[in-house]
Amino acid sequence: NAGVTQTPKFRVLKTGQSMTLLCAQDMNHEYMYWYRQDPGMGLRLIHYSVGEGTTAKGEVPDGYNVSRLKKQNFLLGLESAAPSQTSVYFCASSFHTGSGVAKNIQYFGAGTRLSVL
Amino acid sequence: GQSLEQPSEVTAVEGAIVQINCTYQTSGFYGLSWYQQHDGGAPTFLSYNGLDGLEETGRFSSFLSRSDSYGYLLLQELQMKDSASYFCAVSSGGYQKVTFGTGTKLQVIP
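In this text the structure is predicted, and so the values were computed from the model without any measurement. (Residues numbered from 1 in each chain as written. Chains lettered and ligands numbered in written order. Predicted model: local features only at pLDDT ≥ 70, side-chain atom pairs only at ≥ 80, totals over all residues. Heavy atoms only, no water.)

Novice: Where do I start with the interface of chain B and chain A in this structure?
Specialist: When the parts of a complex come together, some accessible area is lost, and that lost area is often taken as the interface size. Counting from both sides, the interface comprises 22 residues of chain B and, opposite them, 24 residues of chain A. Carbon and sulfur atoms supply 64% of the area buried between chain B and chain A, which totals about 1800 Å² over both sides. Inspection of the chain B/chain A interface yields 0 salt bridges. Where chain B touches chain A, the interface holds 3 residue pairs in polar contact (both at pLDDT 80 or more). At the level of secondary structure, the elements contributing two or more residues to the side of chain B that touches chain A comprise strand 4 (29-37), strand 5 (44-49), strand 9 (84-92) and strand 10 (97-100) of chain B. By residue class, the composition of the side of chain B that touches chain A is 10 nonpolar, 11 polar and 1 charged. (Contact = heavy atoms within 4.5 Å. Buried area = accessible area lost by both parts, 1.4 Å probe. Salt bridge = Lys/Arg side-chain N within 4 Å of Asp/Glu carboxyl O. Polar contact = N/O pair within 3.5 Å; in protein donor to acceptor, adjacent residues only side chain to side chain. Helix = DSSP H or I, 4+ residues; strand = E, 2+ residues; numbered from the N terminus. Nonpolar A, V, L, I, M, F, W, Y, C, P; charged D, E, K, R; others polar.)

Structure follows, in structure tokens:
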């Protein structure tokens, strides 16, 4: 059981280049999320999806696009990378217990370390 | 919007007890979660409180007071491996959206 898998693990881009980060989960979770983590700033939500074919903006969506064409995959795109997008990117997926107290327990991938020069 | 406050750093002695506090401001609050992250690793879920009171999971306990918009994580019998960053996170907006605090770096010393 792989859980949440992110590819690639590391990437260096030049300013203006584009790339796509892939997140795949094999737990049949409905919800998927993309976060970025910068030193001293915790995790900030970029975009999230509550189901196949749906996406929504988080706290810091500018400069990023996402797609959820299949339930198990959530793609994060950078159309024109900027040095300010140098960060560690985490994908997460979650489900809700649906009974008793509702929960949103997030399962994270190992992260993608992106540098934009 | 949502905001969470937690101390940036805490130092505690091996074998001792440490409490990490979290205060929050949010609309549509559903619950408070805690995550642990070791340096270079991914966050992992520790505990969740949806109702007021204490939740216990082994050496870890978490508390929530909805009326005070306050919670804490309690770590007992500290071990060196507990040195990590701890994040509180609130679920809101139909519990689909999760907002994380900036994290508390815990250093356990011998």
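Novice: Sorry, what's going on with the state of the cysteines here?
Specialist: Think of a disulfide as a covalent bridge from one cysteine sulfur atom to another cysteine sulfur atom. Within the structure shown, the criterion is met by 2 disulfides over all chains. Shown here is the disulfide that connects Cys-23 of chain A with Cys-91 of chain A, its sulfur atoms set 1.9 Å apart. Looking along the S-S bond of the Cys-23 of chain A-Cys-91 of chain A disulfide, the torsion reads about -75°, which is the left-handed sense. Highlighted residues: Cys-23 of chain A in strand 3 (residues 19-25) and Cys-91 of chain A in strand 9 (residues 87-95), separated in sequence by 68 residues. The buried category is assigned to Cys-23 of chain A, whose relative accessible area is 0%. Bridging Cys-22 of chain B to Cys-88 of chain B, the disulfide has an S-S length of 2.1 Å. (Disulfide = S-S within 2.5 Å. Buried < 20%, exposed > 50% of the residue type's maximum accessible area, 1.4 Å probe, protein only.)

Novice: Help me out: how do you make sense of the nonpolar core in this one?
Specialist: Nonpolar side chains tend to gather and get buried jointly when the protein is soluble and globular. Leu-32, Trp-34, Leu-75, Tyr-86 and Leu-106 of chain B are the most contacted members of the largest nonpolar core, which has 22 residues in total. Secondary structure elements with two or more residues in this core: strand 2 (9-13), strand 3 (18-25), strand 4, strand 7 (60-65), strand 8 (70-75), strand 9 and strand 11 (104-109) of chain B. Those residues in contact with Tyr-86 of chain B that lie beyond four places of it in its chain are Gln-6, Ile-20, Tyr-35, Gln-36, Leu-46, Phe-60, Leu-73, Leu-75, Gly-103, Thr-104 and Leu-106 of chain B. Ranked by size, the runner-up nonpolar core spans 18 residues in total, among them Met-19, Met-32, Val-66 and Tyr-89 of chain A. (Core = buried A, V, L, I, M, F, W, Y, C linked by side-chain atoms within 4.5 Å.)

Novice: Sorry if this is basic, but what is going on with the sheet that holds strand 6 (residues 53-57) of chain B here?
Specialist: Strand pairs in the sheet, formed through backbone hydrogen bonds, run parallel or antiparallel to each other. All names here are of chain B. Ordered by their spatial adjacency, 5 strands build an open sheet running 1-3-8-7-6, and the pairing between neighbours is antiparallel. Strands at the two margins of the open sheet, each flanked by one partner only, are strand 1 (3-5) and strand 6. In this sheet, neighbouring strand axes are inclined to one another by 20° on average, regardless of whether the strands run parallel or antiparallel. Bridge count between strand 3 and strand 8: 6 bridges; the pairing is antiparallel. By the bridge assignment, Asn-21 is partnered in strand 8 with Tyr-72. (Pairing = 2+ DSSP bridges. Axes fitted to C-alpha atoms, helices over the stretch in contact; angles between N-to-C directions.)

Novice: Explanation requested: the packing of aromatic side chains in the structure shown.
Specialist: Both the distance between ring centres and the angle between the ring planes are used here to describe each pair of aromatic rings. Scanning the entire structure with this criterion turns up 15 aromatic pairs over all chains. Residues Tyr-33 of chain A and Tyr-35 of chain A carry aromatic rings whose centres are separated by 6.2 Å and whose planes lie at 20° to one another, so their mutual orientation is stacked. When the ring of Phe-108 of chain A is compared with that of Phe-100 of chain B, the centres are 6.0 Å apart and the planes differ by 75°; the resulting orientation is edge-to-face. Pair noted here: Phe-108 of chain A is in strand 10 (residues 105-108) and Phe-100 of chain B is in strand 10, and the two residues belong to different chains. The rings of Tyr-33, Tyr-35, Tyr-48, Phe-90 and Phe-108 of chain A together with Tyr-35, Phe-45 and Phe-100 of chain B are connected pair by pair, giving a single aromatic cluster. (Phe/Tyr/Trp six-rings, centres within 6.5 Å; stacked < 30°, edge-to-face > 60°.)

Novice: Just checking my understanding: could you explain unusual backbone geometry for this structure?
Specialist: Phi is mostly negative for residues that are not glycine, and the peptide bonds are mostly trans. Each neighbour pair has its own omega, and for Thr-7 of chain A with Pro-8 of chain A the value is -5°, a cis peptide bond. Checked against the element boundaries, Pro-8 of chain A lands in the loop between strand 1 (4-7) and strand 2 (10-13). Within the chain, Asn-28 of chain A stands out as a residue other than glycine whose phi angle is a positive 60°. A relative accessible area of 57% means that Asn-28 of chain A is categorised as exposed. The phi angle at Glu-77 of chain B is positive, at roughly 45°, despite the residue not being glycine. Tracing the backbone shows Glu-77 of chain B in the loop between strand 8 and strand 9.

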